[in-house]
Amino acid sequence: MLKEIVDIISQGKREVEDLLKEDVKKVETVEIVGEYNEEKLTNRFISGDNIYIMNALLKGNGCQSMRGKLDLIYIDPPFLSKANYNSKIILPLDDELVTIENFAYSDTWNEGSISYLKMLYKRLLLMRELLSDRGSIYLHLDWHMVHYAKLLMDEIFGEDMFLNEIIWSYKSGGVSKKYFSRKHDTILLYSKTKDYIFNPQKEKSYNRGFKPYRFKGVSEYKDELGWYTLVNMKDVWNIDMVGRTSSERMGYGTQKPEKLLERIVLASSNEDSVVADFFAGSGTTAVVAERYNRKWILSDLGYASLQATKKRLMDIKSKGFIHEKIEGFYIPKGGRLKIHSIDKKSFEFDTKIISINLEGYEIDIDNIPIEEKYKDILYKVMLKDSLALIDIISIDTDYDGKIFRSRWQSKRDKESYKIPDKIELKLLKKAKRSIGIKIVDVFGFESEYIIEV
């Protein structure tokens, strides 16, 4: 493998040099959610292949160049697990909840470890160019490829820029009678220069016997276990995975816990830093970055990732973000929304209330890429309550037919697993108004509608 590593590095450098010489693919705005200020950097989710996205970010295609602007990059790429991952979809049926699985992404590679490392090396090269001089990068992997990835990181960032090999230890996972149970991931931390952002985090260190030491000048604290002091955090982190009953759980197969990202974001960025994650997955990085007043840029190739991220940002009442896509990226079109009626009535002298009453949602089940055993469940749900197949609904009260500005949005709640069947909008009176409706169904497929009122 060592000879192949040399080839991967030399070939990867050539391919990235060629990529940077090519005409950059355009980044196109698809949707603006919530607040938007064209003068300031805004949170962004970019759909598509991240190698083209990073190239566009470096060159400032149609926007401010992000070269040397990112204070923190965290990536949780595929692990070369040689498996396919699904997202779990919960649907209501006859006063019960049923679960079906939908394909999220594949972690299989034609040439095995060689093609995987080729993919990773080229993207790490681009990430280094995006990092600020005070920036750092966290590469999250497991036992499959982390030993080879460290060689690549040493070559790109320099061995002297290696800071930590962080062990994330957890309880969940497989067990074996033939070897020790594999219960940890590895996170490699590198900086771009020696002058990097680092805010030491504290953790509890329990006293021997959980009894007070009473050392002069040492602050001690007590909890339900006993006495402890606060020390700078070690590089072994014991954090629970996102369990089946966790309120964070999105049904996304490789979702990472918010506590894990909290440590990373707080340690290696400051307020108003720009944080990036180019393998966004379930969107944990965006949720944590926004909570702690960091700007964020996320990208992912899967539309299930965008769907999960949108819902989580709605849960935390996000200030807003732009959804963009790289030129050529295609989000599958969804089914057909049926509207029962639209009612209008005056409200005060300059406003009126528009009520949109939804009737149902039809999809072509035969064209949904799920296993046959789930299709019968879908037929039953569509007959009983087809609105349960809508995951997110957004409204643009003045849609221009080009960029959808989501001024109102709702999602399936976690109790009924349904969206509201009646939408009431209080709007300023206007002679004629085009209202846009965007639907994201449970499979991540999108469709748009325009109604004139």
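Being a predicted model, the structure only gives us computed values, none of them experimental. (Residues numbered from 1 in each chain as written. Predicted model: local features only at pLDDT ≥ 70, side-chain atom pairs only at ≥ 80, totals over all residues. Heavy atoms only, no water.)

S.K.: Teacher, can you tell me more about the overall build of the protein chain here?
M.R.: Assigned secondary structure in the protein chain consists of eight helices and 23 strands. Computed over the C-alpha atoms, the radius of gyration of the protein chain is 24 Å, within 12% of the 22 Å expected from 2.2 N^0.38 for a compact globule of 453 residues. Across its three principal directions, the C-alpha atoms of the protein chain cover 70 × 60 × 50 Å. Only carbon and sulfur atoms are counted for the fraction: they give 49% of the accessible area of the protein chain, which is about 22800 Å². (Helix = DSSP H or I, 4+ residues; strand = E, 2+ residues; numbered from the N terminus. Rg over C-alpha atoms; globule rule 2.2 N^0.38 Å. Areas by Shrake-Rupley, 256 points an atom, 1.4 Å probe, with all protein chains shown as cover.)

S.K.: I tried to follow the sheet that holds strand S16 (residues 336-347) on my own but got confused; where do I start?
M.R.: Where strands meet in a sheet, backbone hydrogen bonds hold them as pairs that are either parallel or antiparallel. Taken in spatial order, the three strands line up as S16-S17-S21 in an open sheet, and their pairing is antiparallel. Where the open sheet ends on each side, the last strands, each with one partner, are S16 and strand S21 (422-428). Sheet twist, expressed as the average angle between the axes of neighbouring strands with direction ignored, equals 20°. Direction of pairing for S16 relative to strand S17 (residues 351-362): antiparallel, over a ladder of eleven bridges. Pairing of Arg 336 across the sheet is with Glu 362, part of S17. (Pairing = 2+ DSSP bridges. Axes fitted to C-alpha atoms, helices over the stretch in contact; angles between N-to-C directions.)

S.K.: Can you help me understand a negative patch on the surface in this one?
M.R.: Together, Glu 17, Asp 18, Glu 22 and Asp 23 make up a region of like negative charge exposed at the surface. By secondary structure assignment, the location of Glu 22 is in the loop between helix H1 (2-21) and strand S1 (27-34). (Patch = residues over 30% accessible without salt bridge, like charges linked within 9 Å, V, L, I, M, F, W, Y side chains within 5 Å. Salt bridge = Lys/Arg side-chain N within 4 Å of Asp/Glu carboxyl O. Lys, Arg positive; Asp, Glu negative; His and termini not counted. Charge placed at Lys NZ, Arg CZ, Asp CG, Glu CD.)

S.K.: Help me understand the side chain of Asp 396, please; the structure alone is not making it clear to me.
M.R.: You can see Asp 396 is positioned in strand S18 (residues 390-396). Of the polar contacts made by the side chain of Asp 396, one reaches the backbone nitrogen of Asp 398; its length is 3.0 Å. Not counting residues within four places of it along the chain, the set of residues in contact with Asp 396 comprises Ile 403, Phe 404, Arg 405, Arg 407, Ser 434, Ile 435 and Gly 436. (Polar contact = N/O pair within 3.5 Å; in protein donor to acceptor, adjacent residues only side chain to side chain. Contact = heavy atoms within 4.5 Å.)

S.K.: Can you help me understand the nonpolar core in this one?
M.R.: Grouped burial of nonpolar side chains is what soluble globular proteins tend to show. Leu 70, Ile 73, Met 127, Ile 137, Tyr 138 and Phe 278 are the most contacted members of the largest nonpolar core, which has 78 residues in total. The element contributing the most residues to this core is helix H3 (residues 113-130), with eleven residues. Discounting chain neighbours no more than four positions away, the residues touching Tyr 138 are Leu 72, Ile 73, Tyr 74, Ile 75, Ile 166, Ile 187, Leu 188, Leu 189, Ile 264, Ala 267 and Ser 268. One finds Ile 89, Tyr 361, Ile 423 and Val 442 within the second-largest nonpolar core, a separate group that totals 37 residues. (Core = buried A, V, L, I, M, F, W, Y, C linked by side-chain atoms within 4.5 Å. Buried < 20%, exposed > 50% of the residue type's maximum accessible area, 1.4 Å probe, protein only.)

S.K.: I'm lost on H1 in this one. Help?
M.R.: Residues separated by three or four positions in an α-helix point in the same direction, a consequence of the helix having 3.6 residues per turn. With 20 residues, H1 should reach 28 Å at 1.5 Å per residue; the first-to-last C-alpha distance of 29 Å fits that figure. Residues Ile 5, Ile 8, Ile 9, Gly 12, Val 16 and Leu 19 constitute the buried set of H1. Along the axis of H1, the buried residues cluster in a sector spanning 105°; they form a single face. Those residues of H1 that are exposed and angled more than 90 degrees off the buried face are Lys 3, Val 6 and Lys 21. In this structure, the buried side of H1 is in contact with helix H2 (50-59), H3 and helix H4 (146-157). (Expected span 1.5 Å × (residues − 1). Arc of directions from axis to C-beta.)

S.K.: In this structure, what is going on with the packing of H1 against H4? I would like to understand it.
M.R.: In helix packing, the relevant descriptors are the interaxial angle and the interaxial distance, both defined with respect to the helix axes. Relative to each other, H1 and H4 sit at 45°, their axes nearing to 11 Å. Judged by the inter-axis angle, H1 sits oblique to H4. As H1 packs across H4, the resulting crossing turns out to be right-handed. On H4, the residues touching Leu 2, Ile 5, Ile 9 and Lys 13 of H1 are Tyr 148, Leu 151, Leu 152 and Glu 155. Split by residue class, the contact of H1 with H4 holds six nonpolar, no polar and two charged. (Parallel < 35°, antiparallel > 145°, perpendicular 65-115°, else oblique. Left-handed = near helix turned anticlockwise from the far one by under 90°. Nonpolar A, V, L, I, M, F, W, Y, C, P; charged D, E, K, R; others polar.)

S.K.: Just checking my understanding: could you explain the environment of Pro 257 for this structure?
M.R.: For Pro 257, the location among the structural elements is in the loop between strand S12 (236-238) and helix H5 (258-268). On the basis of relative accessible area, Pro 257 is assigned to the buried category, the value being 4%. Filtering out sequence-adjacent residues up to four positions away, Pro 257 remains in contact with Trp 168, Ile 239, Asp 240, Val 242, Glu 248 and Thr 284.

S.K.: What should I look at first to understand the pairing of strand S14 (residues 295-300) in this one?
M.R.: Note on strand geometry: in a regular strand, side chains alternate between the two faces of the sheet. Most of S14 sits out of view: five of its six residues are buried. Sheet topology places strand S2 (residues 44-47) next to S14; four bridges connect them, and they run parallel. When the sheet's bridge partners are listed, Phe 45 is paired in S14 with Leu 298. With four bridges connecting them, strand S13 (residues 274-277) and S14 associate as parallel partners. Each residue of the ladder has a partner; that of Val 275, found in S14, is Trp 296. At this point the chain moves from S13, through helix H6 (residues 284-291), to the parallel S14, and the crossover so formed is right-handed. (Right-handed = clockwise from strand over helix to strand, strands pointing away.)

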